[in-house]
Amino acid sequence: MISLLFALKLAIPAAAAAPLPVVPTDGLPSKAPVSVGMSAERLAAIDRVVARGLKAGGYPGAAVVVGRKGAAVWKKGFGHLDWSSSSETVVPDESIYDLASLTKVVGTTTALMILFDEGKIRLDDPVVKYVPGFTGGLKDSVTLKQLLEHRSGLPAGRDLWRVAHSPEEARQMVIDTPLGCRPGECYEYSDLGADMLGFVVEAASGEPLDQFLQEKVYGPLGMTDTFFRPADSLRDRIAPTEVTPPRGYPLRGEVHDENAYALGGVAGHAGLFSTAADLSVFAQMMLNGGEYNGVRVVADSTVRLFTTRAAGTRALGWDTCDNDGGCGSYLSDRAYGHTGFTGTSIWIDPDREMFVILLTNRVHAARAKRPAKVISDVRADLADAAALAVTDGPDGVLAWPASFRADRAVGWNRPERPLRSRRSRAAAHRRGSRAHTASKAKRSKKSTAKSSAKKSSAKATPKKSSAKKH
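Figured I'd write up the structure that's included with this text. (Residues numbered from 1 in each chain as written. Predicted model: local features only at pLDDT ≥ 70, side-chain atom pairs only at ≥ 80, totals over all residues. Heavy atoms only, no water.)

1. Section: the pairing of strand β11 (residues 354-360)
So, point 1. The element β11 is extensively covered by neighbouring structure, given that 7 of its 7 residues are classed as buried.
So, point 2. Both faces of β11 are covered, namely the face carrying Met354, Val356, Leu358 and Thr360 and the face carrying Phe355, Ile357 and Leu359.
So, point 3. In this structure, strand β1 (residues 61-68) lies alongside β11, joined through 7 bridges in antiparallel fashion. Note that in β11 the partner of alanine 62 across the bridge is threonine 360. (Buried < 20%, exposed > 50% of the residue type's maximum accessible area, 1.4 Å probe, protein only. Helix = DSSP H or I, 4+ residues; strand = E, 2+ residues; numbered from the N terminus. Pairing = 2+ DSSP bridges.)

2. Considerations on the nonpolar core
So, point 1. Judged by nonpolar contacts, the single largest core of 78 residues is most densely connected at Met196, Phe282, Met286 and Trp318.
So, point 2. For methionine 196, the contacting residues outside a window of four places in its chain are Val127, Val131, Phe134, Leu147, Leu154, Val174 and Ile175.
So, point 3. Ala62, Cys327, Ala383 and Ala386 belong to the second-largest nonpolar core, a separate cluster that totals 38 residues. (Core = buried A, V, L, I, M, F, W, Y, C linked by side-chain atoms within 4.5 Å. Contact = heavy atoms within 4.5 Å.)

3. Digging into the sheet that holds strand β5 (residues 272-274)
So, point 1. In spatial order, the strands read β3-β5-β4; together these 3 strands make up an open sheet with antiparallel pairing. Because the sheet does not close on itself, it has two edges, and the strands there are β3 (97-98) and β4 (227-228).
So, point 2. Pairing geometry for β3 and β5, over 2 bridges, is antiparallel. For tyrosine 97, the partnering residue across the bridge sits in β5 and is serine 274.

4. Regarding the environment of phenylalanine 341
So, point 1. Inspection of the secondary structure assignment puts phenylalanine 341 in the loop between β9 (336-340) and β10 (344-349).
So, point 2. Residues phenylalanine 341 and asparagine 361 lie 20 residues apart in sequence; the distance between their C-alpha atoms is 8.9 Å.
So, point 3. Contacts of phenylalanine 341, omitting those with residues within four sequence positions, involve Ala100, Ser101, His256, Arg362 and Val363.

5. A word on the state of the cysteines
So, point 1. Scanning the entire structure with this criterion turns up 2 disulfides.
So, point 2. Across the disulfide from cysteine 181 sits cysteine 186; the S-S distance is 1.6 Å.
So, point 3. Residue cysteine 181 is classed as partly exposed on the basis of its relative accessible area of 26%.
So, point 4. Cysteine pairing for the chain, with bonded cysteines counted in sequence order: 1-2, 3-4. (Disulfide = S-S within 2.5 Å.)

6. Description of the side chain of serine 101
So, point 1. Position of serine 101 relative to the elements: it lies in the loop between β3 and α4 (103-117).
So, point 2. A polar contact of 3.4 Å, which involves the side chain of serine 101, links it to the side chain of tyrosine 189.
So, point 3. In contact with serine 101, other than residues within four places in its own chain, are Tyr189, Asp191, His269, His338, Thr339, Gly340 and Phe341. (Polar contact = N/O pair within 3.5 Å; in protein donor to acceptor, adjacent residues only side chain to side chain.)

7. Brief notes about the pattern of salt bridges
As a working rule, side chains carrying opposite charge can pair if their charged atoms are close by.
So, point 1. Across all of its chains, the model carries 27 salt bridges by this definition.
So, point 2. Across the pair arginine 48 and aspartate 407 runs a salt bridge, and its minimum N-O distance is 3.0 Å. Taken as a pair, arginine 48 in helix α3 (residues 45-55) and aspartate 407 in helix α14 (residues 405-408) lie far apart in primary sequence, 359 residues in all.
So, point 3. Here arginine 48 falls in the partly exposed class, since its relative accessible area comes to 34%.
So, point 4. Aspartate 407 gets classed as partly exposed once you look at its relative accessible area, which sits at 26%.
So, point 5. For lysine 129, the salt bridge goes to aspartate 125, with nearest N and O atoms at 3.5 Å.
So, point 6. The class of aspartate 125 is buried, set by a relative accessible area of 3%. (Salt bridge = Lys/Arg side-chain N within 4 Å of Asp/Glu carboxyl O.)

Now the structure itself:
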């Protein structure tokens, strides 16, 4: 049944799919920051941070949306879709980006949450119940929950694109992948695990992953610019990604991830495209406990279950904020989100009723020497600036830092060196000064001793006659 569904999915082009009734949206309604308890002056730091990353060559453009209490309070586009000044400028409502691993949560995990609500899956079910080929040895004991927590024992990935000659072959390679460790006893962030979850969605729903999500999530929420395999007619609105990929031609409108492409462009770990405005609707739906604009997507109890830490910093599908991973230093302990390789991130803070979205294409011919470091710092700074802009939080107005990561730009275009505190630098300077003084005194003493020895030697040796012939 699964193979038949997969074959049907590949046989029907995305453009030929029957239109589904949707209520178009341009994202959340906009409000002034002060009306939702935020400081516009503090939020303005976002502009500086994102612009610094752009100027440093980390990405050609970026789309940002910060939302709070049901409204978008900072929605801006920066730069262009590519490095040409003649290319389209970035507009959060219109510019479409390859979401990369945000697909794992905005797509696959959300589909599983819906199936969980419908009673079609249980978290402790073995994967083999839905994908019979996923069997042999310890694989029979792997559960859906372990896949969601990245504790299934599956490795991070494998080069499907180098070997598979068709999406069906790539799919079978995923299913046949041996475990790298005992299920439940190790953590390995795994694209393959997300792909297996995508196969589970198809088996449990009886529909291809992309079609299920369109019918259950994106269509009802009016997310008209969120989809797998975007139509060619949208090409001018899509940010290009890699210029020289293994495929042999520049990528624009095709999924950047090679394994997702090998799987037909629709995969559990990557393949989704969207705008920052569409994602703001999704984020608000999550903040609302699974409902937006009268549309219930998932139960509020299920949202809590899937976004609560379950193993380490991982929730179910989602990651949580641990002052690392792009969420900055100020989001609350209950904040959750995810990042994507192409330069995307979404962080949602239920305690502050706030979310932060960043979309870039940092994989597009980046001019910075270390674009991964640039995007990591900008993500964290963006989350920090948003959290620091909240003026009615339980802790009051938080102290503003002396500088942001983007202001320091450590390791962006020069080798990164360990930063030392002012006190340690002063101590090192004192040690160096003392050492220099001691060395100088030692040299002086040695020089004096040598001089004295020469004088003594001169007195003891009789002078030779200048008249003596040789």
